[in-house]
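Now for the letters of each chain:
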Amino acid sequence: MARIFVPHNACTVASGDCFIEGRCLARCQTRLSAANANERLTTALGLLRVLHDYTLMFRSVTRYVQGSEIDEAVRKSGELLKELHDA
């Protein structure tokens, strides 16, 4: 019986090389226990909140403009943080 590799939903390798190798190549899937992953995700979201607030506070200093890549990241992170707060 042949072993078949199915990439995880988080797969970021667009070339298909993971199929040839039969394993995840980009470390896109964590190998943490659920409890450990949840703890690290909580820490990451806390850091995201700090970065989001800091970026907004210094917007006039950093001079990023509406529609820029950083503006989009700040907007999306703000939406995510608000969604998590309201849940």
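Let me sum up the structure you'll find in this document. (Residues numbered from 1 in each chain as written. Predicted model: local features only at pLDDT ≥ 70, side-chain atom pairs only at ≥ 80, totals over all residues. Heavy atoms only, no water.)

### Regarding the overall build of the protein
Inference 1: When you go through the protein residue by residue, the secondary structure sums to four helices and zero strands.
Inference 2: Counting helices and strands in the order they occur from the N terminus, the protein gives α-α-α-α.
Inference 3: When the 87 residues of the protein are sorted by exposure, 15% land in the buried category.
Inference 4: For the protein, the proportion of contacts with a sequence separation of at least 24, taken over those separated by at least 6, is 24%.
Inference 5: As displayed, the protein has an accessible area near 7400 Å², and 57% of this comes from carbon and sulfur atoms. (Helix = DSSP H or I, 4+ residues; strand = E, 2+ residues; numbered from the N terminus. Buried < 20%, exposed > 50% of the residue type's maximum accessible area, 1.4 Å probe, protein only. Contact = heavy atoms within 4.5 Å. Areas by Shrake-Rupley, 256 points an atom, 1.4 Å probe, with all protein chains shown as cover.)

### Some words on helix H4 (residues 69-86)
Inference 1: A rise of 1.5 Å per residue sets the reference length of H4, with its 18 residues, at 26 Å; its end C-alpha atoms lie 26 Å apart and thus fit the reference within 8%.
Inference 2: Where H4 is concerned, the buried positions are Asp71, Val74, Ser77, Gly78 and Leu81. Down the axis, H4 shows its buried residues gathered within 135° of arc, on one side only. Facing away from the buried side of H4 by over 90 degrees, the exposed positions are Glu69 and Glu83. (Expected span 1.5 Å × (residues − 1). Arc of directions from axis to C-beta.)

### Remarks on the side chain of serine 77
Inference 1: Note on placement: serine 77 falls in helix H4.
Inference 2: Leaving out residues up to four positions away in the same chain, serine 77 has contacts with Leu48 and His52.

### Quick notes on the pattern of salt bridges
Inference 1: Under the definition given, this model contains four salt bridges.
Inference 2: Between glutamate 72 and arginine 75 there is a salt bridge, with the nearest N and O atoms lying 2.5 Å from each other. Note that glutamate 72 and arginine 75 are positioned in helix H4 at a spacing of three residues, about one turn of the helix.
Inference 3: Relative accessible area serves as the criterion here: at 39%, arginine 75 is assigned to the partly exposed category.
Inference 4: Residue lysine 82 is joined to aspartate 86 by a salt bridge in which the shortest nitrogen-to-oxygen separation is 2.7 Å. Pair noted here: lysine 82 and aspartate 86 are both in helix H4, with a separation of four residues, about one helical turn.
Inference 5: Exposure remark for lysine 82: the relative accessible area of 52% places this residue in the exposed category.
Inference 6: Salt bridges linked by common partners bring Glu72, Arg75, Lys76 and Glu79 together as one network. (Salt bridge = Lys/Arg side-chain N within 4 Å of Asp/Glu carboxyl O.)

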